[in-house]
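Summary of the model geometry
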Amino acid sequence: MHAQQKFVSPEVISGAGSHRLVGRSLRRLGAAKVLVVSDPGVTAAGWTSRICSSIEEAEVPHLVFTGVSPNPRVAEVEAGAELYRRAGCNAIAVVGGGSPIDCAKAIGILVANGGQILDYEGLDRIGAAIPPLVCVASTAGPAADVSQFAIISDPAQRAKVAIVSKTLVPDLALLDPLLLTTKPAALTAATGVDALCHAIEAIVSTASAPLTDLLALEAIRLIILHLPAALERPADLEVRASTMQAGLYAGLAFSNASLGAAHAMAHSLGGFCDLAHGECNAILLPLVVAYNFEAAPSRFRLIAQAMGVPEQGRADTVVRSELAGAVRTFVERFCGTTRLSSVGVRLQDLPELARRALEDPCMATNPRCPTEAEVRGLYEAAL
């Protein structure tokens with residue numbers, strides 16, 4: 001029997017051209033003045049101006065904040081919140097990948113609750129609801145547009161903090177595959193691997209449930225089938241829509257079931273080295289799959305089935321080895337092979353990385369409870 005579960009999700013509208021609904025959706029939510037959050041890359045691709053055009057057509061005043069880094073920083077959140085307050089906004093629209101969406105959520109936390117963003121690290125520490133939030137994702141994978149997570153970097157501590165609360169679930173997610181057609185190939189690959197990691201960790205999470213299982217398993221099947229095609233045919237809207245659905249399913253699964261050691265370790269690593277989140281997951285996921293297998297073999301067999309790895313009638317040790325190998329092959333096919341030593345991690349850094357990973361909220365639902373030495377050993381295996 002599963003424990004009592006509550007499933008949370010934003011309103012979701014998907015389909016080519018759905019980004020044009022931003023303006024009327026904000027009006028429906030009572031927006032009087034909107035802060036539009038984006039980043040320089042999405043702006044250069046032309047999507048920020050298109051979102052602003054939709055808001056203008058709805059006759060809603062707005063202003064734009066694009067000071068967001070690939071790993072959004074504490075100071076950027078504070079700058080966005082100050083702009084929101086000074087302009088007298090009452091709603092937020094965001095167009096971009098996980099970084100602008102996480103930054104927009106964090107801006108919402110500060111304008112509704114005050115204080116410093118680091119005050120809200122951890123689970124359910126947000127008192128007042130954030131302002132109305134409408135998201136237009138430009139990537140398929142991070143799923144910040146449907147989740148109750150926000151990840152913010154604190155350069156002063158070389159750390160990422162995870163903020164988790166149902167108040168962070170956006171009001172509306174507009175899933176438009178048109179935005180994916182301008183996405184660089186490397187980002188397509190990295191965010192696809194991120195979605196795979198979301199799905200795998202949601203299935204073996206100690207907070208998994210039948211609904212999250214259903215979504216996560218279908219996400220894996222869609223990723224295995226459609227991510228290669230998205231890289232071969234980046235302008236194919238049908239394929240792009242399938243990868244977007246995969247990201248949605250994996251996102252809803254992990255938002256409600258939470259994650260595990262791969263994400264806890266990736267957050268620690270990404271904060272320490274200022275690395276892209278997808279790259280961190282690509283390095284760590286195969287190692288964590290092999291480590292966790294013994295704690296949830298029946299769950300990992302479901303993952304093996306979804307990935308096309310034969311498992312019936314085979315010993316756990318064989319399935320463990322072949323599944324970890326299949327994950328590694330898939331990840332390296334799209335993201336290449338990266339060792340931690342090549343991104344500046346040294347042996348003496350591993351105790352600090354391990355300590356921070358164990359403190360991350362995602363570690364709480366990992367199927368196996370690692371010691372600090374075991375986490376350090378996993379990092380060392382990736383050196």
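Basis of the calculations
Residues numbered from 1 in each chain as written. Predicted model: local features only at pLDDT ≥ 70, side-chain atom pairs only at ≥ 80, totals over all residues. Heavy atoms only, no water. Axes fitted to C-alpha atoms, helices over the stretch in contact; angles between N-to-C directions. Helix = DSSP H or I, 4+ residues; strand = E, 2+ residues; numbered from the N terminus. Parallel < 35°, antiparallel > 145°, perpendicular 65-115°, else oblique. Left-handed = near helix turned anticlockwise from the far one by under 90°. Contact = heavy atoms within 4.5 Å. Nonpolar A, V, L, I, M, F, W, Y, C, P; charged D, E, K, R; others polar. Buried < 20%, exposed > 50% of the residue type's maximum accessible area, 1.4 Å probe, protein only. Lys, Arg positive; Asp, Glu negative; His and termini not counted. Salt bridge = Lys/Arg side-chain N within 4 Å of Asp/Glu carboxyl O. Polar contact = N/O pair within 3.5 Å; in protein donor to acceptor, adjacent residues only side chain to side chain. Core = buried A, V, L, I, M, F, W, Y, C linked by side-chain atoms within 4.5 Å. Pairing = 2+ DSSP bridges. Phe/Tyr/Trp six-rings, centres within 6.5 Å; stacked < 30°, edge-to-face > 60°. Lys NZ or Arg CZ within 6 Å of the ring centre and 35° of its normal.

Attention now goes to the packing of helix H7 (residues 210-232) against helix H8 (residues 237-257). The N-to-C vectors of H7 and H8 enclose an angle of 150 degrees; their axes lie 8 Å apart at closest approach. For the element pair H7 / H8, the angle class is roughly antiparallel. Handedness of the crossing formed by H7 with H8: left-handed. Where H7 approaches H8, its residues Thr212, Leu215, Ala216, Glu218, Ala219, Leu222, Ile223, His226, Leu227, Ala229 and Ala230 are matched on the opposing element by Val239, Arg240, Ser242, Thr243, Gln245, Ala246, Tyr249, Ala250, Leu252, Ala253, Asn256 and Ala257. Residue composition of the contact of H7 with H8, by class: 15 nonpolar, 6 polar and 2 charged.

Looking at where aspartate 154 falls in the secondary structure, it is placed in strand E7 (residues 149-154). Despite its burial, aspartate 154 pairs with no opposite charge, the nearest such side chain being arginine 356 at 8.1 Å. Looking at aspartate 154, its side chain comes within polar contact range of the side chain of glutamine 157, at 2.6 Å.

Here the focus is the nonpolar core. Ile200, Ile220, Leu269, Phe300, Ile303, Leu323 and Tyr379 are the most contacted members of the largest nonpolar core, which totals 81 residues. Listed in part, the 32 residues of the second largest apolar core include Phe65, Leu83, Ile130 and Ile163.

Here the focus is the side chain of glutamate 76. Its place among the elements puts glutamate 76 in helix H4 (residues 74-87). As a buried residue without a salt bridge, glutamate 76 has its nearest oppositely charged side chain in arginine 73, at a separation of 4.5 Å. There is a polar contact of 2.3 Å between the side chain of glutamate 76 and the side chain of serine 69. Apart from the residues within four sequence positions on either side, glutamate 76 is in contact with Phe65, Gly67, Val68, Ser69, Asn71 and Cys103.

Enumeration over the complete set of coordinates arrives at 16 salt bridges. For arginine 301, the salt bridge is made with aspartate 316, and the minimal N-O distance between the two is 2.8 Å. Of this pair, arginine 301 sits in helix H11 (residues 297-307) while aspartate 316 sits in helix H12 (residues 316-335), and the two are 15 residues apart along the sequence. Judged by relative accessible area, which is 16%, arginine 301 ranks as buried. Note that arginine 356 is salt-bridged to glutamate 352, the shortest N-O span being 2.8 Å. With arginine 356 and glutamate 352 both in helix H13 (residues 350-359) and 4 residues apart, this pair spans about one turn of that helix. Sharing partners across several salt bridges, the network here consists of Glu352, Arg355, Arg356 and Glu359.

Here the focus is unusual backbone geometry. One non-glycine residue with positive phi stands out, namely alanine 143, at about 60 degrees. As for its placement among the helices and strands, alanine 143 is situated in the loop between strand E6 (133-137) and E7. Using a relative accessible area of 8% as the deciding quantity, one classes alanine 143 as buried. Located in the positive-phi region is aspartate 274, a residue other than glycine, with phi close to 55 degrees. Note on placement: aspartate 274 falls in the loop between helix H9 (261-273) and helix H10 (277-292).

Quick look at the pairing of strand E8 (residues 159-164) now. By the criterion of burial, E8 is predominantly enclosed, with 6 of the 6 residues buried. Burial along E8 is two-sided: the residues Ala159, Val161 and Ile163 and Lys160, Ala162 and Val164 are all buried. Here 2 bridges tie strand E5 (residues 122-123) to E8, and the two strands are oriented parallel to one another. Following the sheet pairing, glycine 122 is matched in E8 by isoleucine 163. Relative to E8, E7 is paired through 6 bridges, and the arrangement is antiparallel.

Moving on to the packing of aromatic side chains. For the structure on display, the rule yields 3 aromatic pairs. For the pair phenylalanine 293 and phenylalanine 300, a centre-to-centre distance of 5.4 Å together with 20 degrees between the ring planes defines the contact as stacked. Sitting over the face of the ring of tryptophan 47, arginine 50 holds its NZ or CZ atom 4.3 Å from the ring centroid. Over the ring of tyrosine 291 we find arginine 368, and its NZ or CZ is 3.8 Å from the ring centre.

What follows is about the packing of H9 against H10. It is the contact of H9 with H10, at a shortest axis distance of 9 Å, that shows an interaxial angle of 140 degrees. Taken together, the axes of H9 and H10 are oblique relative to one another. Helix-helix and strand crossings are classified by hand; for H9 and H10 the assignment is right-handed. Residues Ala261, Ala262, His263, Met265, Ala266, His267, Leu269 and Gly270 of H9 form the contact with H10, whose participating residues are His277, Cys280, Asn281, Leu284, Leu285 and Val288. Taken together, the residues that form the contact of H9 with H10 break down as 9 nonpolar, 5 polar and no charged.

So, on to the pairing of E6. Of all 5 residues that make up E6, 5 are buried, and the element is covered over most of its length. Side chains Leu133, Cys135 and Ala137 of E6 all project onto a buried face; the interleaved residues Val134 and Val136 project onto the opposite face, where all are buried too. Here strand E4 (residues 91-96) runs beside E6; their pairing, made up of 5 bridges, is parallel. Its bridge partner being in E6, alanine 93 is matched across the sheet by valine 134. As paired strands, E6 and strand E9 (residues 172-175) are joined by 3 bridges and run parallel to one another. Directly across from valine 136, in E9, lies its bridge partner leucine 174.

Interpretation note: all reported values are geometric properties and have no functional meaning in isolation.
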